[in-house]
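Observations on chain architecture
These are the residues of each chain, in order.
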Protein chains: 2
Amino acid sequence: MVLPWRTVDTRARRWRSGHDSRSLQRAPGSQPPVQPRRHPQRPSGDDRPSEIHVSWEATTVSMSDDPHWRVRARKSELHRPPWLEVLRESIELPDGRVIDDFYSVQMQDFGVVAAFTDKREVVVERLYRHGPNRLTWSLPAGYVQEGESPLEATVRELREETGYEAGEWIPVGSFVVDGNRGCGWCHCYVARGARQVQEPKSDDLAEVEVSLVPWARLIELLAAGEITELASAATIGLACTRLGPQVSI
Amino acid sequence: MVLPWRTVDTRARRWRSGHDSRSLQRAPGSQPPVQPRRHPQRPSGDDRPSEIHVSWEATTVSMSDDPHWRVRARKSELHRPPWLEVLRESIELPDGRVIDDFYSVQMQDFGVVAAFTDKREVVVERLYRHGPNRLTWSLPAGYVQEGESPLEATVRELREETGYEAGEWIPVGSFVVDGNRGCGWCHCYVARGARQVQEPKSDDLAEVEVSLVPWARLIELLAAGEITELASAATIGLACTRLGPQVSI
């Protein structure tokens, strides 16, 4: 039985193993390619999700109804290229309600990488970051420049900031930085075979100290509150979902 | 030998096991409390990091020098309470350079939780999110309201959005959403013993479908690109660093 999305019971549904959606039929441990992300500020007919079926008890729920918000109007309230733009949107919800002052923030997309050496150490940085307003441990990261792919940008930033290159790059996910307002996309990578090929020559505003930290130590730094940026935390966590806390790489 | 932070070699330092900083002397697997985070937009003398020693080869490096940026002036360029405020800052770097147009963004802090039932399932939501501009799987999350602690807010949001409560709450980290600009803090939790106690009664703009998803399936959804928000990805990853991909809870 196929039910439209909005008529199903709101009680929690249980997922039955063996009755998963197509995207879940991968063998555990396999590495599916990351699906291309759409830009959060580019609504169009293409943004509609494809139909996904999820089993729940004996019921299959169709998610084909369109729950998208319709943007009725959009006004730029602050534009400071290339750094950010704040948009005030008039939104029509699927139930007909209108929200006249929803704020979205466009910011630059960036990439971040957990780059492993052959000795299972991760290339990390220690630097001042103005967001958390403190000295912090951080994974190499940087903005995607015009004409670059996210992967190209992250490869470049790793080399510039740390002097390291890596032989194998694995995309482990792309995520909008803020689920409500956008704030750009974060492209996360795990890289293997990292080795130093040059001295760092970053033009970052902050001085960067580069270290090699064993994977288990990095997990401990994360647990100790010494990693303060969401993108670094997410990328370490994503590496963990692929590699486990006791990485064998 | 103690060297000041800025005079050390920029070549990657190797961490010797057994010579770690105090914060790393925890037994593997122990759960240190999350350190309180400072607000990114509240620079003060208190924000200076405490001295941390990191061993490298036979050398101990002191990080006691202050790498903080000094905010010379700050001007509000856009203020839309309670949603966001954009600040233009004039920054003086430690090397004396001045940046006159650094933009910081103040946004609301929020909490997010990976809540496990006793059957090792996680309480997840499927809903439209305007940031990624798509239907997405997401962990329960919500803004910290005036007078609430982040934990209180997240407990409340879990109950309102999903109808679930949990017996045990473990803070697994607090992170600034954007390392450069701030954009609020994300407080991440893992909860255990989740059980439904009421019907959901969220006042969110988006319709929310609540599901229980086995931990291994949630990892697969993440790998398949079906989780699109950085905060959800980070919290699942943080749970993984504590619990492993094959959770035993």
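Residues numbered from 1 in each chain as written. Chains lettered and ligands numbered in written order. Predicted model: local features only at pLDDT ≥ 70, side-chain atom pairs only at ≥ 80, totals over all residues. Heavy atoms only, no water.

Quick look at the domain arrangement of chain A now. Residue and element names in this part refer to chain A. Each assigned domain of chain A is listed here: domain 1 (69-106) and domain 2 (108-243). Here domain 1 and domain 2 have C-alpha centroids that lie 30 Å from each other. Contact with domain 1, which involves six residues of that partner, is made by six residues of domain 2. Viewed at the interface, domain 2 and domain 1 are joined by three residue pairs in polar contact (both at pLDDT 80 or more). Class assignment for the residues of the side of domain 1 that touches domain 2 results in five nonpolar, one polar and no charged. (Domains from an automatic or database assignment. Contact = heavy atoms within 4.5 Å. Polar contact = N/O pair within 3.5 Å; in protein donor to acceptor, adjacent residues only side chain to side chain. Nonpolar A, V, L, I, M, F, W, Y, C, P; charged D, E, K, R; others polar.)

Moving on, we come to the side chain of Glu157 of chain B. For Glu157 of chain B, the position within the fold is in helix α1 (residues 150-162). Ignoring sequence-local partners within four residues, the contact set of Glu157 of chain B consists of Ala141, Gly142, Tyr143 and Thr162 of chain B. (Helix = DSSP H or I, 4+ residues; strand = E, 2+ residues; numbered from the N terminus.)

This part is about the environment of Val105 of chain A. All names here are of chain A. If you trace the backbone, Val105 turns up in strand β7 (residues 98-107). When its relative accessible area of 1% is taken as the criterion, Val105 is described as buried. With 30 residues separating them in the primary sequence, Val105 and Lys75 have C-alpha atoms 12 Å apart. (Buried < 20%, exposed > 50% of the residue type's maximum accessible area, 1.4 Å probe, protein only.)

For the rest of this paragraph, the subject is the layout of surface pockets. Within this model, the second largest pocket holds a volume of roughly 770 Å³. Around the second largest pocket sit 35 residues that line it, and Trp83, Arg129, Tyr143 and Asp204 of chain A together with Asn180 of chain B are the ones nearest its centre. Secondary-structure elements contributing two or more residues to the lining of the second largest pocket are β8 (110-115), β9 (121-129), β11 (141-143), α1 (150-162) and α3 (230-243) of chain A together with β7 (98-107) of chain B. Residues of the lining of the second largest pocket, tallied by class, amount to 16 nonpolar, seven polar and twelve charged. (1 Å grid on protein atoms, 1.4 Å probe; cavity = no way out; pocket = protein on both sides within 12 Å on 5 of 7 lines; lining within 4 Å. Points joined across faces, edges and corners; volume = space filled by probe spheres on them.)

Moving on to the packing of aromatic side chains. Enumeration over the complete set of coordinates arrives at eight aromatic pairs over all chains. Counting every residue linked through ring pairs, the aromatic cluster contains Trp69 and Phe102 of chain A together with Tyr128 of chain B. Seen from the ring of Phe102 of chain B, Arg181 of chain B lies directly overhead, with NZ or CZ sitting 5.2 Å from the centre. (Phe/Tyr/Trp six-rings, centres within 6.5 Å; stacked < 30°, edge-to-face > 60°. Lys NZ or Arg CZ within 6 Å of the ring centre and 35° of its normal.)

This brings us to the pattern of salt bridges. All names here are of chain B. Scanning the model with the defined rule gives 25 salt bridges over all chains in all. Among the ionic pairs, Arg129 bridges to Glu229, the shortest N-O distance being 2.6 Å. One end of the pair, Arg129, is in strand β9 (residues 121-129); the other, Glu229, is in the loop between α2 (215-223) and α3 (230-243), and 100 residues separate them in sequence. This pair shows no difference in class: Arg129 is buried, exactly as Glu229 is. Between Arg156 and Glu160 there is a salt bridge whose closest N-O contact spans 3.3 Å. Here Arg156 pairs with Glu160, and both are found in helix α1, just four residues apart, close to one helical turn. (Salt bridge = Lys/Arg side-chain N within 4 Å of Asp/Glu carboxyl O.)

This next bit is on unusual backbone geometry. Residues and elements named next belong to chain A. The step from Pro81 to Pro82 runs through a cis peptide bond, and the omega angle for that step is 0 degrees. Position of Pro82 relative to the elements: it lies in the loop between β5 (70-80) and β6 (84-92). Non-glycine residue Arg120 carries a positive phi angle of around 65 degrees. Mapped onto the secondary structure, Arg120 falls in the loop between β8 and β9. For Arg120, a relative accessible area of 40% corresponds to the partly exposed category. Although it is not a glycine, Cys183 adopts a positive phi angle of roughly 65 degrees. Mapped onto the fold, Cys183 is located in strand β14 (residues 182-192).

All right, on to the environment of Thr117 of chain A then. All names here are of chain A. With respect to the element layout, Thr117 can be found in the loop between β8 and β9. With a relative accessible area of 8%, Thr117 lands in the buried category. Between the C-alpha atoms of Thr117 and Glu207, which are 90 residues apart in sequence, the distance is 23 Å. A polar side-chain atom of Thr117 sits 3.1 Å from the main-chain amide nitrogen of Lys119.

Attention now goes to the side chain of Glu77 of chain A. Positionally, Glu77 of chain A belongs in strand β5. A polar atom in the side chain of Glu77 of chain A sits 2.7 Å from the side chain of Arg80 of chain B. With residues near it in sequence (within four places) discarded, Glu77 of chain A still touches Val86, Arg88 and Tyr103 of chain A together with Leu78 and Arg80 of chain B.

Residue and element names in this part refer to chain A. Within strand β10 (residues 134-138), five of the five residues are buried, which leaves the element mostly enclosed by the surrounding structure. Because side chains alternate across β10, one face comprises the buried residues Arg134, Thr136 and Ser138, and the other comprises Leu135 and Trp137, equally buried. Sheet topology note: the β9/β10 ladder contains five bridges and is antiparallel. Considered in β10, the bridge of Arg129 is made with Arg134. Two successive antiparallel strands, β9 and β10, enclose a turn made up of four residues, where Asn133 displays a positive phi of approximately 60 degrees. (Pairing = 2+ DSSP bridges.)

Okay, helix α2 (residues 215-223) of chain A next. In terms of residue burial, α2 of chain A counts as a mostly covered element, since eight of its nine residues are buried. Those residues of α2 of chain A that sit buried are Trp215, Arg217, Leu218, Ile219, Glu220, Leu221, Leu222 and Ala223 of chain A. Buried positions along α2 of chain A lie against β9, β10, β16 (209-214) and α3 of chain A together with β13 (168-178) and α3 of chain B. Downstream of α2 of chain A by a residue or two, Gly225 of chain A has a phi angle that is positive, lying close to 80 degrees.

Next up on the list: the pairing of β14 of chain A. Residue and element names in this part refer to chain A. The element β14 is extensively covered by neighbouring structure, given that ten of its eleven residues are classed as buried. Relative to β14, β8 runs parallel, the two being bridged by six bridges. Along β14, the bridge assignment pairs Val113 with Tyr189. As defined by bridge partners, strand β13 (residues 168-178) adjoins β14 across nine bridges and the pair is classed as antiparallel. The residue of β14 that forms the bridge with Val176 is Trp185. Here β13 hands over to β14 after three residues, the two strands then running antiparallel side by side.

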